[in-house]
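Residues per chain are reported as follows:
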Amino acid sequence: MNDTPLIPTDQLAKFEFNDDLLSSYRKSKQIPLDLYDRTGKLIMAKKKNATEDDFGKLLKIELQGAYCLTSDSKQLRVTSADTADPRNTKLFDPDKTTEFAKQTESLILELKKEAFNSDHALRVHKSIGKVLDDFTSNPDFESGLFNILEILNHAGVPVESELMTKRTIVAMGMKVRTKKIGVGDDNKPNKKDHLSVMTASFLADIGYSKILLPDKPNLTKEEYNIIQQHPIISYLMTLAAPEITQEIRTLVLNHHRPFRGNAINNNFPDNNTVFRKLMVIRDKFIKDPSKKMIVADIDAQLRIQESHVNSVNFEEDIAILSLASEYASLTTNQPWRPAFSSATALKMIVNDSFFSYSNRNIRHLLDYVGASLTNNQNIINVGDYVITASIDSEKQAHFDICKILEVDRFQTRPKIQRICTIKPLFKKGIKYRIADFDINEIRMDKRRAVIDLAGQTSSTQRIIYIIDPEMNSPLYDTAKKMDNT
């Protein structure tokens, strides 16, 4: 492929990925046209009898953007009879989803009185497997609506059950849409990774069943420290059930470590804390022959914590768990506040992402399930103002107010125009966060540079804040004023 001559760029047209198109390719088991990068270099050749690996590669190319020959652009159109838009299909059956939430409620009540055991594990596996099968059996599962809020608002289940159900289903959607279900060596669908993420999402917070939670938003340092123990408590509870795999337990143990970077971030509990606590438990159990399997798993977890080496898939699974948890919490009524709308919750997650999530993590949420969670309404639209962050060669962060000029398939990669630079106001409380931006520290960009984030695959620039007029009116007014200057 390296020896293939470049195609002149004036002979190329942007390849617009869409669900109908990709579905038609998958059904026909072929990729009917060559795809190129923006320089005219061939990055994927047309292929008949395409495999799931080929479609996996196609989805990776989707993230970086691709072009096709102008003469082939007619193949971008999918002809079909007048049918309902599959994006408007509601993916979850109200009765089945409510039943799942009720089963979750029963499990929580049992765990407040007894230890987690193999029977519980088998029930969890069975109910979660059924949810995944129901979801993927819907022909529109890759593009339809996540009507989970609509259902759970009328399900009449307690907060804990609502959170666990919502988190599990949102995590499932993110995992399925970012990693397609392939075929295993036995020629059967390989859903192991998807089930692992769902099971970990379901079990991640069962440690709360052993903690008395305060019903207030502002926690003391001591209360927050107690809550920080729940990943370890949840992990320890699963050790009594060998049916829960080591991979699932690793995710449960680490599910609040959404972003591993060298800079300050919001990971908790940190690796050193987890390591020390696991060592104490291991030393306590090591002389008890009946705890042999438990000690073996703890030893494995200690090696993982010590090595600081994990696969990309593992890192992404942890982020999926954490993002699904945040979304579930924000869209659920709490004793101290009402639930936020789906769109507001997604904006809040983006606006709190700088210290917590990578660009790729946020793309997985917004670009693959975001619109499905908001009735196909984007939260980033033409004319909106956003703030982007980028890191220079000296590892200094720069923050720019930008205006959205164009939004194609992916919300997180629009075409933007830089208006000015601005300085954030950082705050360290229980977590690191950007409390606001200093409207007195602005420097105009006289060039009004236009940047297509979809074409900036090697750039560090990403959207880290959506300037919403209702969420931050002073900042919105400032952005609008600067735009009109």
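Above this note sits the structure.
Once a new chain begins, its residue numbering starts again from 1 and follows that chain's sequence as written. Local features in this predicted model are restricted to residues whose pLDDT is 70 or higher, and side-chain atom pairs enter the listing and the counts only when it is 80 or higher, whereas totals over whole chains, interfaces and linings include all residues. Remark: hydrogens and water are excluded; side-chain values derive from all non-hydrogen atoms of the structure.

**So, the overall build of the protein chain**
Helix and strand definitions here come from DSSP, where helices need a minimum of 4 consecutive H or I residues and strands a minimum of 2 consecutive E residues; each element is numbered from the N-terminal end. Check the secondary structure of the protein chain and you find 16 helices and 14 strands. Viewed in the frame of its principal axes, the protein chain has a C-alpha envelope of about 70 × 60 × 45 Å. Residue exposure (1.4 Å probe, protein chains only): buried if accessible area is under 20% of the type maximum, exposed if over 50%, otherwise partly exposed. Relative to its 485 residues, the protein chain shows a buried fraction of 49%. Whether two residues are in contact is decided by their heavy atoms: any pair within 4.5 Å suffices. Residue pairs at least 24 apart in sequence account for 69% of intrachain contacts in the protein chain once pairs closer than 6 positions are excluded. Each accessible area is a Shrake-Rupley estimate made with a 1.4 Å probe; only the visible protein chains count as cover when residues are assessed. As presented, the protein chain carries roughly 24,200 Å² of accessible surface, and 50% of it is formed by carbon and sulfur atoms. Across the protein chain, the 67 positively charged side chains and the 64 negatively charged ones have centroids separated by 2 Å. By the counting scheme adopted, Arg and Lys are positive, Glu and Asp are negative, and His together with the chain ends is not counted. Every charge is mapped to an atom, namely NZ of Lys, CZ of Arg, CG of Asp or CD of Glu.

**Considering the packing of helix 14 (residues 342–351) against helix 15 (residues 359–370)**
All axes are obtained by fitting lines to C-alpha atoms, using only the stretch in contact for helices, and the reported angles, taken between N-to-C directions, cover 0 to 180 degrees. Following both chains from N to C, one finds helix 14 and helix 15 inclined at 160 degrees, their axes separated by 11 Å at the closest point. Here helix 15 runs roughly antiparallel to helix 14, going by the angle between their axes. Relative to helix 15, the crossing made by helix 14 is left-handed. Contacts between helix 14 and helix 15 pair L346, I349 and V350 from the former with I362, L365, L366 and G370 from the latter. In these notes the angle categories are as follows: under 35 degrees is roughly parallel, over 145 is roughly antiparallel, 65 to 115 is roughly perpendicular, and the rest is oblique. Should the near helix be turned counterclockwise from the far one by less than a right angle, the crossing is left-handed, whereas a clockwise turn marks it as right-handed.

**Quick look at the side chain of T199**
Following the sequence through the fold, T199 ends up in helix 7 (residues 192–203). Beyond its immediate sequence surroundings of up to four residues, T199 is in contact with V124, H125, I128, I244 and I248.

**Here's the deal with the nonpolar core**
Counting 81 residues, the largest nonpolar core has F116 and M172 as the members making the most contacts within it. It is helix 13 (residues 312–330) that contributes the most residues to this core, eight residues altogether. Not counting residues up to four positions away in its chain, the partners in contact with F116 are L111, A121, L203, I206, M237, T238, A240, A241 and I244. Membership of the second largest hydrophobic core comes to 18 residues, among which are F354, F399, I401 and F437. Residues belong to a common nonpolar core when they are buried Ala, Val, Leu, Ile, Met, Phe, Trp, Tyr or Cys residues joined through side-chain atoms within 4.5 Å.

**Here we look at unusual backbone geometry**
Although it is not a glycine, N49 sits at a positive phi angle of roughly 55 degrees. Along the chain, N49 falls in the loop between strand 5 (47–48) and helix 2 (52–64). With phi around 60 degrees, N376 is a residue other than glycine that occupies positive phi space. Looking at the secondary structure, you find N376 in the loop between helix 15 and strand 9 (385–391).

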